[in-house]
Amino acid sequence: MNDMSQVPVTVLTGFLGAGKTTLLNRILTEQHGQKYAVIVNEFGEQGIDNDLVVDADEEVFEMNNGCICCTVRGDLIRILGGLMKRADKLDAIIVETTGLADPAPVAQTFFVDQDVSDRTKLDAIVTVADAVHLSSQLGEHHEAEEQIAFADVVLLNKIDLVDDKAVENVQNRIRKINPYAKIIKTNHCSAPLTEVLGLNAFSLDRVLEVEPDFLESDHDHEHDDDVTSLSFVSDTPLDMDKFQAWFGNLLQEKGQDILRSKGILNFEGRDDRYVFQGVHMLMDASPMGPWPAGKDRSSRVVFIGRNLETMNLQEGFEGCKVA
Amino acid sequence: MSDREKFLKEKISSLVPKETELESRGEHFHFQAPVTCSVTTSHSIAVGFGDGKVRVFFEGEKPRIIDAHNGVVLSIATNGEYIFTGGDDGRFLKLSQNGDIVEIANFNYRWVDSVASYKDSMVCSSGRNVYIWSGDQKKAKSLEHSSTVGGLAFDHTGKRLAVSSYGGVTVWERGERRWTSKRLVWKGSHSKVGFSPDGKYIVTSMQESELHGWRLRDKVDLAMRGYPAKIKSFAWVGDTPHLATSGDHQAICWPFDGKDGPLGREPVCVADCGKQISTFIEPLTGEKAVFVGFNDGSVLLSELDENKNPFVIRNPKGSEISAIAISPNRSHILIGDLDGHILWSTLWKNN
């Protein structure tokens, strides 16, 4: 999955009016000499300044593969396949989703379709959020929560229109859903493009950078439908068989509610670090080289999702430790 | 040269595969764009490329180049005389074999994903819609579907048009005054579609690395599974006929003779290529034999007989086979790959 010839794909999500098209046009005008393809779904509302724009319908369909929540974007499979047949090499592909889109099918497409994952790679999910309206949108539309939960980067836009207190509140709200996303506060989406493109956020070695610095056990009682996150750390090595049994079963049964998961694992008797990341029921995992000499070997796992408190995650994780 | 050098030279030359007969007598071209599609017309083979060009190969001539699209040639079809192409520039074109270009329609930012033609009818799909021009009609008849069209195919009479999409196939039938439709349902996303040569079956390749078929008489479902990869190519071979399919380490050929076709029967598996995955299938016209192209660029020719050894037609060149076509009088073969290589050769030794 880490071939250099794979073209990176950046997914831009965010509610209507948050500033996706502004960001898109900034990327296209500022990155001189780069060849981009842009896949849009609401073409025509505002002009897009690029000679390679593809208009598509977001066609989400279920895979017949026994994975009940496994949906993919059929239009992406078709269009990415077509773009890979071009004579000129693309530097990157940007997919703009509609305001109410769930990012999961886009991400899952890269796990499920062999041709897509051979030739392209998901670079990052970038969510543009409107500092004025995000709080109310989070309450009203579960898609808004999902867009924050899936984000690798949240561009908190239009901060000039609200006071500092309100910015802090909305930032706390984002953190509660997704403590790992990088939040960039902007006006007119004026973030440095190096913090938006070329992030390689879905590569397994980036999981190694997941920091276990937040370990809140004092979760407020959340509304059942709220998206939250939980993380666990263990300095005791884990039993590989026990972990596989627990985790496999967990994704199979609760995968619909677990939006994203990632972790670094220290298995008893193994010198390599094991790294995984998942989207709903789908997972990518691999050994990622030996643990650095002289450093502590600690396992850490992170979950972002709904109803996490009902999944006995703590007990399950504890149960994987070697006796 | 020392003995050791001699030894090494011999050793190395024994490791490099010898040129095949076709490779040594054929012409080699390298165009700087992937070969995306091909079709055999009345007098030539037309090949579509990722740079928007269509190159037309006639026997004994240099290929003629047509600057057709401003992007990828996504699909190609012929009614014998004319070549029809769809591109990612949103255009549907009618090309003469000599290179005249007529733009039939332009959908701008929407791709023309599939095209088909039968006598004086030409068809293309863009998004969820299929557009049909018949006779000398200037305006297309538009047929709408519930999701993006995956593939198009006429039957052998030209009266029925199969359109695949998400959840199944819509079969349109040309009536006296209008087109009527029937829906064949099967969960999942269907792409390439084709009628059997006798028009009794419809088959599609699916996103889920399987084929689905329907017997049209009673809509009986035929699920053909067990492939390790997506089926990018299938073709009908021989009189029986067999449906030869890619997507495995060989060509998987399902029998469609008898009353029940492949129901409850085992396929014939030929042209085994070890670890490679087959990506293109082309029958040797008039024979019970099939050319099978693989993802490493090798091409094998095999009879539909598991006890016969296949012939190596082309050695691996590293890039996936995306086109194999036989010239109209069966004298030449054209093989193309995703790196833009074309092998153009006489098919038989003595012509």
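Residues numbered from 1 in each chain as written. Chains lettered and ligands numbered in written order. Predicted model: local features only at pLDDT ≥ 70, side-chain atom pairs only at ≥ 80, totals over all residues.

### Quick look at the overall build of chain B
Operational definition: Under the DSSP-based scheme used, a helix requires at least four consecutive residues in state H or I and a strand at least two consecutive residues in state E, with every element numbered from the N terminus. In this setup the radius of gyration rests on C-alpha atoms only. A globule is expected at 2.2 Å times the number of residues raised to 0.38. Burial is judged by counting other C-beta atoms within 10 Å of a residue's own C-beta: 20 or more means buried, 12 or fewer means exposed, and anything between counts as partly exposed, with every C-beta placed from the backbone. A residue pair is marked as a contact if its C-beta atoms, positioned from the backbone, fall within 7 Å.
Assigned secondary structure in chain B consists of two helices and 30 strands. Against the 2.2 N^0.38 benchmark of 20 Å for 351 residues, chain B shows a C-alpha radius of gyration of 21 Å, consistent with a compact globule. Overall, chain B is about 80 × 50 × 35 Å in size when its C-alpha atoms are taken along their principal axes. For chain B, with 351 residues in total, the buried portion stands at 52%. Expressed as a percentage of contacts within chain B between residues at least 6 apart in sequence, the contacts between residues at least 24 apart total 42%.

### As for the overall build of chain A
For chain A, the count of helices and strands is 10 helices and 14 strands. Here the C-alpha radius of gyration of chain A, 20 Å, is about what a compact globule of 323 residues would show, namely 20 Å. Judged by the C-alpha coordinates and their principal axes, chain A covers about 60 × 50 × 40 Å. Burial statistics for chain A: of 323 residues in total, 43% are counted as buried. Partitioning the intrachain contacts of chain A with sequence separation of at least 6 by distance along the chain shows that 75% fall at a separation of at least 24.

### Some remarks on the sheet that holds strand β3 (residues 53-55) of chain A
Two strands in a sheet stick together by hydrogen bonds in their backbones, pointing the same way (parallel) or opposite ways (antiparallel). All names here are of chain A. Note the following rule: Two strands are said to pair when DSSP picks up at least two bridges between them. Axis angles are defined between N-to-C directions and span 0 to 180 degrees, where every axis is a line fitted to C-alpha atoms and, for a helix, only to the segment in contact.
With parallel pairing, the seven strands of this open sheet are ordered in space as β3-β2-β6-β1-β7-β8-β9. Strands at the two margins of the open sheet, each flanked by one partner only, are β3 and β9 (182-185). Across the sheet, the mean angle from the axis of one strand to that of its neighbour is 20 degrees, orientation sign disregarded. When strand β8 (residues 153-157) meets β9, the two strands line up parallel, connected through four bridges. Looking across to β9, one finds that Leu155 is bridged to Ile184. Those strands touched by helix α3 (residues 104-112) are β1 (7-13), β6 (92-96) and β7 (120-130), and its axis lies near 170 degrees from that of β7.

### A closer look at the sheet that holds strand β5 (residues 64-67) of chain B
All names here are of chain B. Within the open sheet, the four strands sit side by side as β2-β3-β4-β5. Their pairing is antiparallel. Two strands bound the open sheet, and with one partner strand each, they are β2 (35-40) and β5. On average, each strand axis in the sheet is tilted by 20 degrees relative to the strand beside it, whichever way the strands run. Bridge analysis of strand β3 (residues 45-49) against strand β4 (residues 53-57) gives four bridges, and the strand direction is antiparallel. Across the sheet, the residue bridging to Ala46 is Val56, located in β4.

### A short note on helix α6 (residues 142-150) of chain A
Within α6 of chain A, seven of the nine residues are buried, leaving the element largely enclosed by the surrounding structure. Looking at α6 of chain A, one finds that the buried residues are Ala144, Glu145, Glu146, Gln147, Ile148, Ala149 and Phe150 of chain A.

### Some words on the pairing of strand β18 (residues 211-215) of chain B
Two faces make up the sheet, and in a regular strand the side chains alternate between them. Residue and element names in this part refer to chain B. Burial of β18 is extensive: four of the five residues sit out of reach of the surface. Bridging between strand β17 (residues 201-206) and β18 involves five bridges; their strand directions are antiparallel. What sits directly across from Tyr201, in β18, is Arg215. Connecting the antiparallel pair β17 and β18 is a turn made up of four residues, with Ser209 showing a positive phi of about 55 degrees. The pairing of β18 with strand β19 (residues 220-224) spans five bridges and is antiparallel. For His212, the partnering residue across the bridge sits in β19 and is Ala223. Adjacent in sequence and paired antiparallel, β18 and β19 are bridged by four residues, among which Lys219 carries a positive phi angle near 55 degrees.

### Considering the domain arrangement of chain A
The condition that has to hold: Domain start and end points were adopted from an automatic or database domain assignment. Classification used: nonpolar for Ala, Val, Leu, Ile, Met, Phe, Trp, Tyr, Cys and Pro, charged for Asp, Glu, Lys and Arg, polar for all others including Gly.
Domains assigned within chain A are domain 1 (7-202) and domain 2 (205-318). Here the residues of the side of domain 1 of chain A that touches domain 2 of chain A are counted per class, giving 13 nonpolar, four polar and three charged.

### Some thoughts on the interface of chain A and chain B
In this assembly, 20 residues from chain A lie in contact with 25 residues from chain B. When residues of the side of chain A that touches chain B are traced back to their parent elements, those giving at least two are β3, α2 (74-83) and α4 (114-119) of chain A. The biggest single contributor to the side of chain A that touches chain B is α2 of chain A, with five residues. When the residues that make up the side of chain A that touches chain B are grouped by side-chain class, the tally is seven nonpolar, five polar and eight charged.

### Considering the confidence of the model for chain B
Worth spelling out the cut-off: One confidence number per residue, pLDDT, is output by the predictor and ranges from 0 to 100.
On average, residues of chain B score 94 in pLDDT, and 97% of them are at 70 or above. Two summary scores accompany this predicted model of the complex, namely pTM at 0.90 and ipTM at 0.90.

### Quick word on the nonpolar core
This is how it is decided: Put simply, a nonpolar core is buried Ala, Val, Leu, Ile, Met, Phe, Trp, Tyr and Cys residues tied into one set by C-beta atoms within 7 Å.
Of all hydrophobic cores here, the largest spans 185 residues; its most connected members are Leu155 of chain A together with Val115, Leu152, Ile202 and Leu334 of chain B. At seven residues, strand β15 (residues 160-174) of chain B tops the list of elements feeding residues into this core. A domain split of this core shows at least three residues from each of domain 1 (7-202) and domain 2 (205-318) of chain A. If we skip the residues at most four places from it in the chain, Leu152 of chain B touches Ser114, Val115, Ala116, Val123, Ser125, Val130, Leu161, Val163 and Val193 of chain B.

### Regarding unusual backbone geometry
Of note, His188 of chain A is a non-glycine position whose phi angle comes to about 50 degrees, a positive value. The residue His188 of chain A is located in the loop between β9 and α8 (204-207) in this model. Unlike most non-glycine residues, Lys119 of chain B shows phi in positive territory, near 45 degrees. Assignment of secondary structure puts Lys119 of chain B in the loop between β10 (114-118) and β11 (121-126).

### Some points on the environment of Pro237 of chain A
All names here are of chain A. Along the chain, Pro237 falls in the loop between β10 (227-234) and α9 (240-254). A residue is classified by how many C-beta atoms lie within 10 Å of it, and Pro237, with 18 of them, is partly exposed. For the pair Pro237 and Ser299, spaced 62 residues apart in the sequence, the C-alpha separation amounts to 7.4 Å. Those residues within four positions of Pro237 in sequence are excluded, and the remaining contacts are Asn266, Phe267, Glu268 and Val322.

### Side note on the confidence of the model for chain A
With 91% of its residues at a pLDDT of at least 70, chain A reaches an overall mean of 87. Note that residues 212-219 of chain A has pLDDT below 50 and, in this model, nine contacts with residues that lie over four places away or in other chains.

### Considering the pairing of strand β20 (residues 234-237) of chain B
All names here are of chain B. Across the two faces of β20 the burial is the same, with Phe234 and Trp236 and Ala235 and Val237 all buried. Relative to strand β21 (residues 242-245), β20 runs antiparallel, the two being bridged by four bridges. Looking at the pairing, Val237 lines up with His242 of β21. Linking β20 to β21, which pair antiparallel, is a turn of four residues; within it Gly238 sits at a positive phi near 75 degrees.

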